[in-house]
Amino acid sequence: MSATETIPAPDTAARRGPWAEVFFSLLRSPTFLVGLGIVLFWVACALFGEHFAPYDPLADDIINALAPPSGEHWFGTDQIGRDVFSRVIVGSRDILTVAPLATLLATVAGTALGLFTGYFKGIVDDIVSRILEAFMAIPVVIVALLAIVALGTSKATVIVVIGLSFAPIIARTVRSAVLAERELDYVAAAQLRHESALHTMFVEILPNVIPPILVETTVRLGYAIFAVATLSFMGFGIQPPSPDWGLSISSNYGMIGGGFWWTVLFDALAIASLVIGVNLVADGVQGALND
Amino acid sequence: MIKNYRLLDLIRRQRTPLENHLIDGLVDGRVSRREFIRHGSLLGLSLPLLGGITTAAGFGAMPSLARAQGAPGATIRVASSVPAAAIDPVTIADAGGLLVMQQVAEFLCVDGPDLVLQPALAESWKPNADGSVWTFTLRKGVKFHSGGEMKADDVVASIDRLADPANSSNALSVFNGILKTGASKKVDDYTVEFHLDAPNGNFPYMLSSDNYNAVIVPASYKGDYEKSFDGTGPFKIEKYTPKVGASFVRNEDYWGPKALPERTEFTFFTDVQPMILALQGGQVDIINQMPVLSGVALLNDPSVDIISLKSSAHQQLHMRCDDGPLKDARVRRAIALCLDRDKLVAGLMKGRSALGNDSPFAAVYPSTDTSIPQRKQDIAQAKQLMEAAGVAQGFKVTLTTERYLEIPEYAQLIQNWVKEIGVELELNILDQGGYYGDAVFGKSNWLDSVMGITDYGHRGVPNVYLAAPLKSEGTWNAAHFKNKDYDALATSYIAALDLEAQKADAGKIQKLLLEETPVIFGYFYDYLTATAKGVTGVQPTAMSQLFLEKASKA
């Protein structure tokens, strides 16, 4: 052995830790980067849109209503003469407020339920799971209708409706992961230490089921965006004169037959692009976690 | 204008003092020819007689409404909204249902497109001296589709049925406080008297097509109208399929000229857009009612003709007079002064409406006092009023309304305009069920909201608009407006038989409502019917009825 023995460089992955590796894996994922780019574009529009929108998205110009796309109004004007381009730009604000908050609520509630049912198993699992399955059988729209009647029309109602509708789906995913985790030695060790059930669930098991929760959350965010747009289209939650995309489609879809396609098309494309962006991010996250 | 006083004297000798007063008004120039014809029809003067008087008074002959008759035998296809409930003369309340019913059943008189009453099952009518009893003379030889002759017993039974509170009649909104059950009396087989609760100068309109429930069906009618569709009309039912459509065939025993079309077909649609596509695609010939915003593409379509009827239909913007910042009339006036009504008419309604002046007196009514100045947008004055009322800094208030026609867009325009005086409107736009609720105080967003916009359909006379939403005890008084002077003026107007007395009351009411402004009447929208090019002789009314007996296709 020489005096100047070369010590082998430690493996890069081992040095970074699992989460850093996921991060760098994401940075190498074109799917994730494209999706992130789309989402960040709409987030920037939501935060700063009114600074670069060419017109006030709420300002009417009724005499110039339903003008087709032109150099003056790139996406044309709507039924009361508002600039459609400016409304599409600023219209991401409501949906990017309501959908993430609803998803967050679904994630928190779903994770707690999933931990609970997966950890206790048995009769508790049977009862709660059947209730959740029954709840999942009810369409979101029906739940929304009932909630609107009970609570009134508001963004908060939409957040609660979508959050509670998606919570059982997340709970089911978390439950599956917890059922596998609870059989591992570290859980048995915690129980031997007489840790409380809450401690075992939230301190021991939860960190180990974060990856599926993360994937499910990003997937649900895409669905939540679609659900918010659907409920806005149906007239629940977001109220005029908000430039919200679903609401704008709802207000103008009757004009398509008359050839005024621009009052609807660009809002629809905006919803589609955001959903695609979020789904690409979800695919990227899933891929990185699987690697 | 050369007046034929000899002929006028001859005519006057056979007329009542009330009718002569109207003739004098025409001769003296106090009443225009249009007003004379319309009010004369209300008093039961026949159209030929009215024509004779206008000629004698130097106005020339009445314009003929006659058109070249089209070819018979066509099948006319109509796109209509779906009847919302079972079709029954007593309970029907929606455009789709009343349209189907009106194809087979008829009224005593018809409120024509020019708001001139035309005889139908009644040949003539006249009031007593104070307008508390109206006598209708029925047409002879009219047969129901089921075979019997229409007589006074059928008229009495039909109208009694509508006036009976026990029947949950939709027509009670018209007859309440005017005509009780049992107050319709048979004089002989062809004469009926209506004894009113109080004098009423516009009563014939309440038995006309204006009151769409008031069709005459056999006295033996016991309900379940969809089984018989019995009536006296120019068409008989061929087939009715709920939610899908209906078809009718020509009634060969009709009392009047036989209908030109051999058949008519009605297809029900839940939305306007499919109707437009069906018209453009040649699947239907007529869209009975076309909202201006949804149908804007058809307005300039060379393959489509638009029949545009001036009407009194409007959107009422009510403001609570009993609570909050809107309690002060100056604030209500300030809000009204923010509206740019010219832009509403030209932009929102594409020119298919008339200016409103914050009273129910639309330009179409002959009693409207046109000398009252039109309210216009005046932001400076509005700000002064806000300052005088102590709310110069503005306030926040919720405007609740229904998702119907152009109302959401109208609400957003108002929201933008009142920002200029510091009023921040929060919109709460509900579906119609959510907005109207149980339609009683305490259980209705419509009647309980601080501010709201409500659609009001056309009426041939303003009586309903003057009473239900504005009188202190009005059942639709969403503004919670209580003003004894107004109540007295409205009562006086409703009772007046004489056009000039009506005009005098109308002017006072218009001034009072401009001062108080419990309700903003921004515009009165036209009733639009779209027909394919080459379809002629179609006669809609602003009450959603469609008379097709003279219709033909090129």
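Residues numbered from 1 in each chain as written. Chains lettered and ligands numbered in written order. Predicted model: local features only at pLDDT ≥ 70, side-chain atom pairs only at ≥ 80, totals over all residues.

(A) Region of the structure containing the overall build of chain A. Helix and strand counts for chain A come out as 13 helices and 0 strands. Radius of gyration (C-alpha) of chain A: 24 Å, far over the 19 Å computed for a compact globule of 291 residues. Dimensions along the principal axes, computed over C-alpha positions, put chain A at roughly 85 × 60 × 25 Å. Residues counted as buried form 45% of the 291 residues belonging to chain A. (Helix = DSSP H or I, 4+ residues; strand = E, 2+ residues; numbered from the N terminus. Rg over C-alpha atoms; globule rule 2.2 N^0.38 Å. Buried ≥ 20, exposed ≤ 12 C-beta atoms within 10 Å, placed from the backbone.)

(B) Examining the sheet that holds strand β19 (residues 527-532) of chain B more closely. All names here are of chain B. Strand order across the open sheet formed by 7 strands is β8-β9-β10-β1-β11-β19-β12, with mixed pairing between neighbours. The sheet is open, and its two edges are formed by β8 (235-241) and β12 (304-309), each paired on a single side. Where strand β11 (residues 286-287) lies against β19, 2 bridges are found, and the strand directions are antiparallel. Within β19, the residue paired with I287 across the bridge is A530. (Pairing = 2+ DSSP bridges.)

(C) Up close: the UniProt feature "transmembrane region" (unreviewed entry) in chain A. Feature annotation in UniProt places "transmembrane region" (unreviewed entry) on residues 31-49, 95-119, 131-150, 156-174, 221-239 and 259-282 of chain A, given in this structure's numbering. The annotated region residues 95-119 of chain A carries 100% helix and 0% strand content, and the separation between its end C-alpha atoms amounts to 35 Å. (UniProt positions renumbered as here; feature names shortened; annotations may be inferred.)

(D) Structural view of the nonpolar core. Counting 238 residues, the largest nonpolar core has A:A224, A:I225 and A:V228 as its most contacted members. If one sorts the elements of this core by residue count, helix α13 (residues 262-290) of chain A sits on top with 12 residues. (Core = buried A, V, L, I, M, F, W, Y, C linked by C-beta atoms within 7 Å.)

(E) Region of the structure containing unusual backbone geometry. Residue A:P240 is joined to A:P241 through a cis peptide bond whose omega torsion reads 10°. Mapped onto the elements, A:P241 comes out in the loop between α11 (210-233) and α12 (245-252). One non-glycine residue, A:H194, lies in the positive phi region at around 60°. One non-glycine residue, B:K243, adopts positive backbone phi at about 70°. Within the secondary structure, B:K243 sits in the loop between β8 and β9 (245-250).

(F) Focus on the confidence of the model for chain B. This prediction gives chain B a mean pLDDT of 92; 98% of its residues lie at or above 70. Two summary scores accompany this predicted model of the complex, namely pTM at 0.84 and ipTM at 0.78. (pLDDT = per-residue confidence, 0-100.)

(G) Here's a closer look at the UniProt feature "domain: ABC transmembrane type-1" (unreviewed entry) in chain A. Per the UniProt entry, the sites bearing "domain: ABC transmembrane type-1" (unreviewed entry) are residues 92-282 of chain A in this numbering. From the first C-alpha to the last, residues 92-282 of chain A spans 19 Å; its make-up is 80% helix and 0% strand.

(H) The arrangement of the interface of chain A and chain B in detail. With 18 residues of chain A at the interface, the matching set in chain B holds 23 residues. Split into classes, the residues belonging to the side of chain A that touches chain B amount to 8 nonpolar, 9 polar and 1 charged. (Contact = placed C-beta atoms within 7 Å. Nonpolar A, V, L, I, M, F, W, Y, C, P; charged D, E, K, R; others polar.)

(I) Structural view of the domain arrangement of chain B. Residue and element names in this part refer to chain B. For chain B, the domain assignment lists domain 1 (5-57), domain 2 (106-227), domain 3 (235-310 + 527-553) and domain 4 (314-525). Distance between the C-alpha centres of domain 1 and domain 2: 25 Å. The interface is formed by 7 residues belonging to domain 1 together with 9 residues belonging to domain 2. (Domains from an automatic or database assignment.)

(J) Expanded view of the pairing of strand β18 (residues 519-525) of chain B. Residue and element names in this part refer to chain B. Counting buried positions along β18 gives 7 out of 7 residues, so the element sits mostly inside the fold. Across 4 bridges, strand β13 (residues 314-319) lies against β18 in antiparallel orientation. Directly across from Q316, in β18, lies its bridge partner F521. Two elements, strand β14 (residues 353-355) and β18, share 3 bridges in a ladder whose sense is antiparallel. Bridge assignment links A354 to a residue of β18, and that residue is F524.

(K) Fine view of the sheet that holds β14(B). Residues and elements named next belong to chain B. The 6 strands lie next to each other as β14-β18-β13-β17-β15-β16, forming an open sheet whose pairing is mixed. Whereas interior strands pair on both sides, the edge strands pair on one side only; in this sheet they are β14 and β16 (423-430). Ignoring which end each strand starts from, the neighbouring axes of this sheet average 25° apart. The pairing of strand β15 (residues 395-402) with β16 spans 8 bridges and is parallel. Pairing of T400 across the sheet is with N428, part of β16. (Axes fitted to C-alpha atoms, helices over the stretch in contact; angles between N-to-C directions.)

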